[in-house]
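Observations on the three-dimensional arrangement
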Amino acid sequence: MDLINLRSDPELSRCYPRKWPARVEIFTRDGRRLEASNDHPKGDPENPLKEADVIEKFKALTNGLISVSTQEGIVDRVLNLEEMVNINKLLT
């Protein structure tokens, strides 16, 4: 934690709430400087999670709580929900 320096950037703060920008700089022991930035956090409507990301997160959150076969069954059911249920009937 002593190696982390967190500070506000007025330029990024001015963009809020239209954007939720963040910038990170990492200085390595061998002298390299790595940096990255993003205007919207992952999972935001402007930067949605990919299907594979959602599945990976679900499995990580349920790992050890339910079996792998149960995880796979839930994923399969959710991804094929349209085929399992006539949603139009539920909406009328």
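Residues numbered from 1 in each chain as written. Predicted model: local features only at pLDDT ≥ 70, side-chain atom pairs only at ≥ 80, totals over all residues. Heavy atoms only, no water.

So, on to the pairing of strand S1 (residues 22-27). Pairing geometry for S1 and strand S2 (residues 33-38), over 6 bridges, is antiparallel. Residue pairing for S2: Ile26 is matched across the bridge by Leu34. Two successive antiparallel strands, S1 and S2, enclose a turn made up of 5 residues, where Gly31 displays a positive phi of approximately 95 degrees. (Pairing = 2+ DSSP bridges. Helix = DSSP H or I, 4+ residues; strand = E, 2+ residues; numbered from the N terminus.)

Position of Trp20 among the secondary structure elements: in the loop between helix H1 (10-13) and S1. Assessed through its relative accessible area of 47%, Trp20 is described here as partly exposed. For the pair Trp20 and Val68, spaced 48 residues apart in sequence, the C-alpha separation works out to 35 Å. Ignoring sequence-local partners within four residues, the contact set of Trp20 consists of Asn38, Asp39, His40 and Pro41. (Buried < 20%, exposed > 50% of the residue type's maximum accessible area, 1.4 Å probe, protein only. Contact = heavy atoms within 4.5 Å.)

So, about helix H2 (residues 51-62). Between the first and last C-alpha of H2 there are 17 Å, a value that for 12 residues agrees with the 16 Å anticipated at 1.5 Å per step. Of the residues flanking the end of H2, it is Gly64, one or two places downstream, whose phi is positive at about 85 degrees. (Expected span 1.5 Å × (residues − 1).)

The subject of this paragraph is unusual backbone geometry. Backbone torsion omega between Tyr16 and Pro17 reads 10 degrees, so that peptide bond is classified as cis. Here Pro17 is to be found in the loop between H1 and S1.

An ideal rise of 1.5 Å per residue puts 16 Å on 12 residues; helix H3 (residues 68-79) measures up with 16 Å between its terminal C-alpha atoms. All of the buried residues in H3 are Gln71, Gly73 and Val75.

With that out of the way, let us pick up the pattern of salt bridges. Scanning the model with the defined rule gives 7 salt bridges in all. Its salt-bridge partner being Arg23, residue Asp9 comes within 2.8 Å of it at the nearest N-O pair. Taken together, the residues Asp9 in the segment before H1 and Arg23 in strand S1 connect sequence positions 14 residues apart. Lys42 is the salt-bridge partner of Asp53, the closest N and O atoms lying 3.6 Å from each other. (Salt bridge = Lys/Arg side-chain N within 4 Å of Asp/Glu carboxyl O.)

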